[in-house]
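What follows is the residue order along each chain.
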Amino acid sequence: MVKEKKLKINPRCIAGTMQAAVTNRGHLIPCCWLDDKNNLNHPIMKSLLKVSKISEVDDIEQIVFTKEWIEFNKNLKERNFDKILPTCKHQCQVREDRDKIKKEIFFDSKTGKMVWKNIRWKRYY
Ligand code: SF4
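To keep things clear, this report deals only with the structure shown in the data block. (Residues numbered from 1 in each chain as written. Predicted model: local features only at pLDDT ≥ 70, side-chain atom pairs only at ≥ 80, totals over all residues. Heavy atoms only, no water.)

Another aspect to go through is the site of the ligand. Around the ligand sit Pro11, Arg12, Cys13, Met18, Pro30, Cys31, Trp33, Leu34, Leu76, Cys88 and Cys92, and those are all the residues in its vicinity. If you map the ligand onto the pockets, it falls in the largest cavity. Split into classes, the residues belonging to the shell around the ligand amount to 10 nonpolar, no polar and 1 charged. (Near = heavy atom within 4 Å. 1 Å grid on protein atoms, 1.4 Å probe; cavity = no way out; pocket = protein on both sides within 12 Å on 5 of 7 lines; lining within 4 Å. Sits in = over half its atoms within 2 Å of the grid points. Nonpolar A, V, L, I, M, F, W, Y, C, P; charged D, E, K, R; others polar.)

This part is about empty space enclosed by the protein. All chains considered together, the criterion is met by 1 cavity of 30 Å³ or more. What the largest cavity holds in volume is close to 110 Å³. Surrounding the largest cavity, 14 residues form its lining, Cys13, Cys31, Trp33, Cys88 and Cys92 being those nearest its centre. Those elements that place two or more of their residues in the lining of the largest cavity are α1 (12-15), α5 (67-77) and α6 (86-91). Tallied by class, residues from the lining of the largest cavity come to 11 nonpolar, 2 polar and 1 charged. (Points joined across faces, edges and corners; volume = space filled by probe spheres on them. Helix = DSSP H or I, 4+ residues; strand = E, 2+ residues; numbered from the N terminus.)

The next subject is the pattern of salt bridges. Between side chains of opposite charge, a pair can form when the charged atoms approach closely. A full pass over the atoms with the stated rule returns 2 salt bridges. Note that Glu68 and Lys67 form a salt bridge whose closest N and O atoms lie 3.2 Å from each other. Residue classification places Glu68 among the buried residues on the basis of a relative accessible area of 19%. When its relative accessible area of 65% is taken as the criterion, Lys67 is described as exposed. In this structure, Glu78 and Lys74 form a salt bridge, with 3.5 Å as the shortest nitrogen-oxygen distance. (Salt bridge = Lys/Arg side-chain N within 4 Å of Asp/Glu carboxyl O. Buried < 20%, exposed > 50% of the residue type's maximum accessible area, 1.4 Å probe, protein only.)

Put into structure tokens, the structure is as follows:
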């Protein structure tokens, strides 16, 4: 784990490269990476979930402009690491040197044309 002093993050939800998601319980969450038991039970997420039930609002903006969501985004933008979820620090970490992404590109063996590609965040040791 990179020491927080040296940690650099690029929150994809703020950059616009990661979309918000909806849990199977009907809560809007900042992205699908946070949709698991550990994250949903984290105090930071519990605070967000209290104001994120879609069935309780007329418009999604009523959720994303709550003070809880504004605070969540503010902490990401200001890199307040003590108030940022561990998953955010892991998933949206700027990776350097040997700690890079894994790219997979598949080609059709007959035509030689690319048929599929994927980029995964992967830690190399
Ligand atoms: S992991 Fe956190 S910082 Fe990254 S896109 Fe999701 S909510 Fe944003």
